Amino acid sequence: MNRMFFAAVTAFFLNGTICLASGSETICVPPVSGDATGALRAAIDRARLFKGKPVLIRLEQGDYHLYRESGSAVVYYVSNTASEEENPDPTKHIGLWLKDLKNVTIDGGGARLVTHGEMTTFVVDGCENIVLRNFSLTAADPSVPEMTVLDVGDNYLTARVHPDSQYKIEDGKFRWEGHGWSFAGGIAQNFNPQTNVTNRCDSPMDRLVRAIELDSGIVRFNYSRRPNAYAGEVFQMRDAIRDEVCGFIHRSKNVCLEDLNIHFLGNFGIVGQYSENLTYNRIKCEPEWGHGRTCAGFADFVQMSGCKGKLKITNSRFEGAHDDPINIHGTHLQITEYVSPNQIKVRFMHGQSFGFEAFFKGDQIELVDANTLLCLQKATVKQAEALDRYEILLTLDTEVSPGLSDKWVVVENVSWTPEVEITHNYFSRTPTRGILVTTRKKVVIANNVFYRTPMSAILIADDARSWYESGPVRDVTIRENIFIECGAPVIAVAPENDRYEGAVHQNIRILNNRFVLNSDQAISVRSTDGLTVSGNYFVADHPIDTANLIRTKNCNAFSFSGNRINP
């Protein structure tokens, strides 16, 4: 045993044990009383000493408590989170920080990780061949507090606050509080336990005149008029600032998350950003069993921005988000200046996405008309230089075509677009959609169940004037899914082009799905060439108006066959 390794064993002894095994190394981290953040950090540091040799970090059944103030404080700019005005300091407070590691597995052995304060549970940055498996994540103070309405009167409602949701009342003013955070007001959703549906709604903190604690956890909220509420509904509230994320996979390759129970995704979901080959298998994003909560996420569950390789999301449950459970996209940056014949200056346009590297030497890009969403020119990046957090100077391998300066042009990095497989999953209790996906590589969405999503179960968009989420799809199969009473249209192909000069999307197949409808509109597709709708079954408890069932606009090579309608 060399001196470095002996020192590592000695330094680690207080927090755990290193168990030597043939062919690989195992670092055992038993539960510790109090704050476990340091013990887990020490285990990750020990794994780094093996310099890429396979290492297993093994936890045990028990609770491991992670505290914001003990986490690794690192600045990360994360797509789709918060604007600079909303969150001037993008520092993340990280419980498990895996940085520049290879061949490391963290096996929780059934452990339960509990966060305290707003924090980022894990980051995988610059890593390769990483597995996180067999543990649960939850929060001691979830930043989406909940309360259940007990009764409603002409100018009041009475509610029981969930035991995990702490609050303070001073001079009749009500505030939610957690470990180092607090807010009043905020954004609200209501959950209907009879229908298992959540919707966005007016906050019960709006127009509040006075709050009175009647008993521990029982609060009377007084208003100047009758509140829009009913006995039995559950209100979920949040402050809307996405200053942390649940997990962040950044500039990494071959990362697998499997057999995880994620009961609360704080402030944002799991974000994959400019990473390659990500697998999510048997992930349960849903409230913790027996705890009585109805919400599991502050916003999206899974957000993939600018990834490539194969993205697989399989055998998982997504229940209780405050936004889309899955969103897969790239980023359009707008050309703001033609600096020289082969140099362009591009800018992040949406306030909640900025600051990260979006282009690398050798990347293939497309210059896209923002109004038509059609490619105007292709090029290769020779050099990418960040000028500040918003603007990047791109040097191209070719001159920009004459006349582009007269158009509204954005740029998509087409090298960072993934192949996608989303199969055997369950989606429910979200106020928005189930899946958003825009990628030009092969997409398969199959054998999933979508239950009462208030908006479309699946949305294929592409835009360069709102969220700036790219890009076109070229090969999509949606087959053998069950859509139960989802919002209309159940499947929406809706690129945000405001001028049609040709198809934005191509080759979309909707095959052998079952649609249980609560309206007449099942499928709406626009600006798409090569659409096949075949072998689907449409059923409703009312006569279906077939004229509204499938709508198309500016679509060519459309095939509709073998579908059945009842009644």
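Quick caveat, the model's predicted, so the values are computed rather than measured.

### So, the sheet that holds strand 14 (residues 181–183)
Phase 1 of the analysis: As summarised here, the arrangement of the three strands in space is 12-13-14, forming an open sheet in which the pairing is antiparallel. Looking along the sheet, the strands with just one partner apiece sit at the ends: strand 12 (166–170) and strand 14. With strand direction ignored, the average angle separating the axes of adjacent strands in the sheet is 30°.

### Description of the nonpolar core
Phase 1 of the analysis: Grouped together as the largest cluster of nonpolar side chains are 86 residues, with contacts concentrated most on Ile57, Leu257, Tyr280, Phe483, Phe515 and Ile523.
Phase 2 of the analysis: By residue number, the principal contributor to this core is helix 2 (residues 37–48), which donates five residues.
Phase 3 of the analysis: When near neighbours in sequence (up to four residues on either side) are disregarded, Tyr280 contacts Ile249, Leu257, Ile270, Met304, Leu311, Lys312, Ile313, Thr314 and Ser316.
Phase 4 of the analysis: Phe348, Ala358, Val411 and Trp416 belong to the second-largest nonpolar core, a separate cluster that totals 24 residues.

### Concerning the pairing of strand 19 (residues 234–238)
Phase 1 of the analysis: Most of strand 19 is tucked away, with five of its five residues classed as buried.
Phase 2 of the analysis: Covered by surrounding structure in strand 19 are Val234, Gln236 and Arg238 together with Phe235 and Met237, the residues of both alternating faces.
Phase 3 of the analysis: Summarising the sheet, strand 15 (residues 187–192) and strand 19 pair through five bridges and their orientation is antiparallel. Note that in strand 19 the partner of Ala188 across the bridge is Met237.

### A look at the confidence of the model for the protein chain
Phase 1 of the analysis: The predicted model of the protein chain averages 95 in pLDDT, with 96% of residues at 70 or higher.
Phase 2 of the analysis: Of all helices and strands in the protein chain, the one with the weakest mean pLDDT is helix 1 (residues 3–12) (36), whereas strand 37 (residues 443–446) scores best (99).
Phase 3 of the analysis: Counting interchain partners and residues more than four positions distant, the pLDDT-below-50 stretch residues 1–16 has 25 contacts.
Phase 4 of the analysis: Between residues 18–22, whose pLDDT stays under 50, and residues either more than four places distant or in other chains, the model counts 13 contacts.

### Some details on the sheet that holds strand 11 (residues 156–161)
Phase 1 of the analysis: If you trace the seven strands from one edge of the open sheet to the other, you get 16-15-19-10-11-18-17, paired in antiparallel fashion. Whereas interior strands pair on both sides, the edge strands pair on one side only; in this sheet they are strand 16 (197–201) and strand 17 (208–215). Pairs of neighbouring strands in the sheet enclose a mean axial angle of 30°, with direction left out of account.

The rules behind each value
- All residue numbers refer to position in the chain's written sequence, counted from 1.
- Per-residue local features are limited, in this predicted model, to residues with pLDDT of at least 70; the limit for side-chain atom pairs, both in listing and counting, is 80 or more; totals at the level of whole chains, interfaces and linings are taken over all residues.
- Processing note: side-chain calculations cover all non-hydrogen atoms of the structure and skip hydrogens and water entirely.
- By definition, two strands form a pair when at least two bridges between them are found by DSSP.
- Under the DSSP-based scheme used, a helix requires at least four consecutive residues in state H or I and a strand at least two consecutive residues in state E, with every element numbered from the N terminus.
- Axis angles are defined between N-to-C directions and span 0 to 180 degrees, where every axis is a line fitted to C-alpha atoms and, for a helix, only to the segment in contact.
- Definition used in this section: a nonpolar core is a set of buried Ala, Val, Leu, Ile, Met, Phe, Trp, Tyr and Cys residues joined via side-chain atoms within 4.5 Å.
- Partly exposed describes any residue whose relative accessible area lies between the buried limit of under 20% and the exposed limit of over 50%, with all areas from a 1.4 Å probe on protein chains only and scaled to the type maximum.
- We call two residues in contact when some of their heavy atoms are within 4.5 Å.
- Every residue gets a pLDDT, meaning the predictor's confidence in that residue, from 0 to 100.

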